Amino acid sequence: MRKLLMLMVVALMASIGFAAPAQAAPVSVPFNFAYGNSTAAGTINFTDGYTASVSGVVHAASGGRQVCATGFNGDVVSDTTRCSPWAYAGGPNQPWSGSLRIPRPGGVVEVYILMYDENDTMLAGVVCTRRGCSRLDI
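Residues numbered from 1 in each chain as written. Predicted model: local features only at pLDDT ≥ 70, side-chain atom pairs only at ≥ 80, totals over all residues. Heavy atoms only, no water.

Peer 1: Which residues make up the nonpolar core, and what values go with them?
Peer 2: Phe31, Phe33, Ile44, Val54, Trp96, Val111 and Ile113 are the most contacted members of the largest nonpolar core, which totals 24 residues. When contributions to this core are tallied by element, the ones reaching two or more residues are strand E1 (27-35), strand E2 (38-46), strand E3 (51-59), strand E4 (64-73), strand E7 (94-101), strand E8 (110-117) and strand E9 (122-129). No other element matches E9, which puts four residues into this core. (Core = buried A, V, L, I, M, F, W, Y, C linked by side-chain atoms within 4.5 Å. Buried < 20%, exposed > 50% of the residue type's maximum accessible area, 1.4 Å probe, protein only. Helix = DSSP H or I, 4+ residues; strand = E, 2+ residues; numbered from the N terminus.)

Okay, here's the thing in structure tokens:
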């Protein structure tokens, strides 16, 4: 399911033609979104090189919740997808972090952060660039 979504996102981005300058100044971008009372919040640190690091916290108000981040540069996808540990209702919030890398001029220019339930159903998400984040219609 996740791979299918990522392939659809890559195809859309390729058709639009996203690009980034070869070098850009480092910048930190906060993200925060919810599905009901379950939340994900944190920061993406875009570097001046090929990487972006993601860190945050996941809170589950019901069931289990996991958040995953994937980087994009046009039709190129980051070398890994970084996922949080599972957070469960009544349990502790789950911190998570990871680095995304694309060895291409501009490096990681967009980061998709998606929340899933324990059935691998996508619940909510945001797409973030160096200018900020926008909620995805899921």
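Still to come is the rest of the account.
Peer 1: Let's hear about the pairing of E9: which residues, and what values?
Peer 2: Burial analysis of E9 places seven of its eight residues in the buried class, the great majority of the element. Sheet topology note: the E8/E9 ladder contains six bridges and is antiparallel. Note that in E9 the partner of Tyr116 across the bridge is Met122. Hairpin geometry of E8 and E9 is characterised by an intervening segment of four residues between the two adjacent antiparallel strands and by a positive phi of about 65 degrees at Asp120. By the bridge criterion, four bridges tie E9 to strand E10 (residues 132-135) in an arrangement that is antiparallel. Looking at the pairing, Val127 lines up with Ser134 of E10. What sits between E9 and E10 in their antiparallel hairpin is a turn of two residues. (Pairing = 2+ DSSP bridges.)

Peer 1: Before we move on, could you go through the packing of aromatic side chains and cite the residues and values that matter?
Peer 2: On inspection of all chains with the given rule, the structure shows two aromatic pairs. An angle of 75 degrees between the planes, with centres 5.2 Å apart, marks the rings of Phe72 and Tyr112 as edge-to-face. On the criterion of sequence distance, the pair formed by Phe72 in strand E4 and Tyr112 in strand E8 is long-range, its members being 40 residues apart. On the basis of relative accessible area, Phe72 is assigned to the buried category, the value being 0%. (Phe/Tyr/Trp six-rings, centres within 6.5 Å; stacked < 30°, edge-to-face > 60°.)

Peer 1: For the sheet that holds E1, give the residues involved together with the corresponding values.
Peer 2: Strand order in this open sheet of four strands is E1-E2-E3-E7, and the pairing throughout is antiparallel. A strand with exactly one partner marks an edge of an open sheet, and here the two such strands are E1 and E7. Averaged over neighbouring strand pairs, the angle between their axes works out to 15 degrees when direction is ignored. Bridge count for E3 against E7 is eight bridges, and the pairing is antiparallel. Among the inter-strand pairings, Ala52 is bridged to a residue of E7, identified as Leu100. (Axes fitted to C-alpha atoms, helices over the stretch in contact; angles between N-to-C directions.)

Peer 1: Give me the lowdown on the confidence of the model for the protein, citing residues and values where you can.
Peer 2: On average, residues of the protein carry a pLDDT of 88, and 83% of them reach 70 or more. Within the model, pLDDT remains below 50 along residues 3-22, and this stretch shows 25 contacts once partners closer than five positions in the same chain are excluded. (pLDDT = per-residue confidence, 0-100. Contact = heavy atoms within 4.5 Å.)

Peer 1: Explain unusual backbone geometry residue by residue, including any values.
Peer 2: Although it is not a glycine, Asp120 sits at a positive phi angle of roughly 65 degrees. Along the chain, Asp120 turns up in the loop between E8 and E9.

Peer 1: Could you give an account of the side chain of Arg65, naming the residues involved and the relevant values?
Peer 2: Checked against the element boundaries, Arg65 lands in strand E4. Within the buried core, Arg65 has no salt-bridge partner, and the shortest N-O distance to an opposite charge, that of Glu118, equals 4.1 Å. At 3.3 Å, the side chain of Arg65 and the side chain of Ser38 are in polar contact. Apart from residues no more than four positions distant in its own chain, Arg65 is found in contact with Tyr35, Ser38, Val58, Ala60, Pro85, Trp86, Ala87, Met115, Tyr116, Asp117, Glu118 and Leu123. (Lys, Arg positive; Asp, Glu negative; His and termini not counted. Salt bridge = Lys/Arg side-chain N within 4 Å of Asp/Glu carboxyl O. Polar contact = N/O pair within 3.5 Å; in protein donor to acceptor, adjacent residues only side chain to side chain.)

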